[in-house]
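Okay, here's what each chain looks like letter by letter:
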Amino acid sequence: MGIQTAAVLGAGQMGSGIAQTLAGSGIAVLLYDLNRNAAALGLKRIGDSLNLLIGKGKMEDKQRSLLLSRITISTELADAQAADLVIEAAPERMAIKKELLAELDRVCSPHTILATNTSSLSITELASATGRPSLVIGMHFMNPVPVMPLVEIIRGLETSDATYDQIRQLSLAIGKTPVEVRDFPGFVSNRILMLMINEAIFTVYEGVATPEAVDEVMKLGMKHPMGPIALADFIGLDTCLAIMETLHHGFGDSKYRPCPLLSQHVKAGWLGRKTGRGFYIYP
């Protein structure tokens, strides 16, 4: 039968993007958030995204309506009980994710696969919070989810072949390209990307160049579609800092030390686009 129903936990930018992508492939999706306003905002974000596709002639109104009809919002974790798959997209903190997975382990059906969209944390450690480590797997989507084709699939120490095969097949079915990587801090994508972002912020911190100049160098000289400073604002500076801290702790190597300027911005609440200010100011 494969995966027919899914629950996505966390209605932020990543969670809503995952829900949109799953629903667009015919899967019934429960979009959960602790706060009903946040859940409703996640659904609105999906609707706005679909409106952009309609405006570009890439979707029709009836397709939009059908996709949205497959998504239900909820603030009750127990509503995820019958899902074939649960994907958590909670904040990038080990304690938060372990607590959530432990609760899911209690409320979900014994056959439910528990996937985590973590971008850097140990799948093996996250799985240890449950009594079903063979059914726990990393499924790291890229942002924005509906556009980016990659999904990093990460097995924990006890993830079964059957679980991996189901997630790989699902990734293909929703139009993504799955790439299996090992369970190391940051996996592949963020182990490389965050070092670049952190070093870009260091060049600003040390007065080598302005954020604008750094981004122009990487866009015009390296053909990057977005400069690393702007990308950090897009991802969220708090998320970037959390990943750098995970890398620094996990490898114990000073090359992963978060730039003090990054830490300072996070302490100030300048988290990037989502707060209206990061290294740039947003309307």
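Note that the structure is a prediction, hence the values are computed from the model and not measured. Sequence order sets the numbering: in each chain, residues are counted from 1 along the sequence as written. pLDDT decides what is reported in this predicted model: residues at 70 or higher carry local features, side-chain atom pairs at 80 or more are listed and counted, and totals for whole chains, interfaces and linings draw on all residues regardless. The side-chain values count all of the structure's non-hydrogen atoms but skip hydrogen atoms and water molecules.

> Describe the overall build of the protein chain, naming the residues involved and giving the relevant values.
Secondary structure assignment for the protein chain yields eleven helices and eight strands. The C-alpha radius of gyration of the protein chain comes to 19 Å, within 12% of the 19 Å expected for a compact globule of 283 residues. For the protein chain, the spread of C-alpha atoms along the principal axes amounts to about 55 × 45 × 30 Å. Remark: exposure states derive from per-residue accessible area (1.4 Å probe, protein chains only) relative to the maximum for the residue type, with buried under 20%, exposed over 50%, and partly exposed in between. Taken over 283 residues, the protein chain has a buried fraction of 49%. Of all intrachain contacts in the protein chain linking residues separated by at least 6 positions in sequence, the fraction that spans at least 24 positions is 66%. For the protein chain, the computed accessible surface area is about 13500 Å², with 56% contributed by carbon and sulfur atoms. We score Asp and Glu as negative and Lys and Arg as positive, and we do not count His or the chain ends. In plain terms, the charge of a residue is placed at NZ if it is Lys, CZ if Arg, CG if Asp and CD if Glu. In the protein chain, which carries 26 positive and 28 negative side-chain charges, the distance between the mean positions of the two groups comes to 5 Å. Each helix is a run of H or I in the DSSP string that is no shorter than four residues. Each strand is a run of E no shorter than two, and both are numbered from the N terminus. The size measure is the radius of gyration over C-alpha atoms, and the globule rule it meets is 2.2 Å times the number of residues to the 0.38 power. Throughout, a residue-residue contact means that at least one pair of heavy atoms, one from each residue, lies within 4.5 Å. Shrake-Rupley sampling with a 1.4 Å probe provides the accessible areas, and residues are treated as covered by the protein chains on show and by no other component.

> Give me the lowdown on the side chain of threonine 159, citing residues and values where you can.
Along the polypeptide, threonine 159 turns up in the loop between β7 (150-155) and α6 (161-173). Think of a polar contact as two N or O atoms within 3.5 Å of one another; within protein, one of them needs to be a possible hydrogen donor and the other a possible acceptor, and neighboring residues in sequence only count if both atoms come from side chains. A polar contact of 2.6 Å, which involves the side chain of threonine 159, links it to the backbone oxygen of valine 136. A polar contact is formed between the side chain of threonine 159 and the backbone nitrogen of glycine 156, at a distance of 2.7 Å.

> Give a detailed account of the UniProt feature "domain: 3-hydroxyacyl-CoA dehydrogenase NAD binding" (unreviewed entry) in the protein chain, specifying residues and quantitative values.
UniProt positions are given in the numbering used here, feature names are shortened, and annotations may be inferred rather than shown by experiment. UniProt marks residues 6-183 with the feature "domain: 3-hydroxyacyl-CoA dehydrogenase NAD binding" (unreviewed entry), using the numbering shown here. Here residues 6-183 runs as 40% helix and 21% strand, with 24 Å between its end C-alpha atoms.

> Describe helix α2 (residues 36-55), listing the residues and the values that go with them.
For a helix, the expected span equals 1.5 Å multiplied by the number of residues minus one. Taking 1.5 Å per residue as the helical rise, α2 with its 20 residues ought to reach 28 Å, and the 29 Å between its terminal C-alpha atoms agrees with that figure. Among the residues of α2, those classed as buried are Ala39, Gly42, Ile46, Gly47 and Leu50. One face of α2 carries all of its buried residues, which in axial projection span an arc of 135 degrees. For α2, the exposed residues set more than 90 degrees away from the buried face come down to Asn37, Leu52 and Gly55. It is the directions from the helix axis to the C-beta atoms whose arc is reported.

> Now, about the domain arrangement of the protein chain: what can you tell me, with residues and values included?
By domain assignment, the protein chain separates into domain 1 (5-182) and domain 2 (190-274). Where each domain begins and ends follows an automated or database-derived domain assignment. With centres defined by C-alpha atoms, the gap from domain 1 to domain 2 works out at 26 Å. Between domain 1 and domain 2, the contact holds nine residues from the first and six residues from the second. Buried area is a sum: the accessible area each of two parts loses on coming together, probed at 1.4 Å, counted once for each and added. For the domain 1 face of the interface with domain 2, the top three residues by lost area are Arg93, Ser119 and Ser120, together amounting to 48%.

> So what's going on with the pairing of strand β8 (residues 177-181)? Which residues, and what values?
Along any regular strand the residues' side chains alternate between the sheet's two faces. Strands are treated as partners if at least two bridges between them are detected by DSSP. In this sheet, β8 lies alongside β7 in parallel orientation, the contact comprising five bridges. Following the sheet pairing, glutamate 152 is matched in β8 by valine 179. Between the parallel pair β7 and β8, the chain is carried across by α6, and the sense of this crossover is right-handed. When the strands point away from the viewer, a crossover counts as right-handed if the route from the first strand across the helix to the second turns clockwise.

> Describe α6, naming the residues involved and giving the relevant values.
With 13 residues, α6 extends 18 Å between its outermost C-alpha atoms, agreeing within 8% with the 18 Å of an ideal straight helix rising 1.5 Å per residue. Burial in α6 covers these residues: Thr163, Tyr164, Ile167, Leu170 and Ser171. Down the axis of α6, the sector holding all buried residues measures 130 degrees, keeping them to one side. Exposed and oriented more than 90 degrees from the buried face of α6 are Asp161 and Ala173. Buried residues along α6 sit in contact with α1 (13-23), β4 (85-88), β5 (113-116), β6 (136-141), β7 and β8.

> Describe the nonpolar core, listing the residues and the values that go with them.
As used in this record, nonpolar core signifies buried Ala, Val, Leu, Ile, Met, Phe, Trp, Tyr and Cys residues forming a set joined through side-chain atoms within 4.5 Å. Membership of the largest hydrophobic core comes to 33 residues, with the highest contact counts inside it found for Leu22, Leu85 and Phe141. Counting residues per element, this core draws most heavily on α1, which supplies five residues. Once you skip the residues sitting within four places of it in the chain, phenylalanine 141 turns out to touch Met14, Ile18, Ile87, Asn117, Leu150, Val151 and Ile174.

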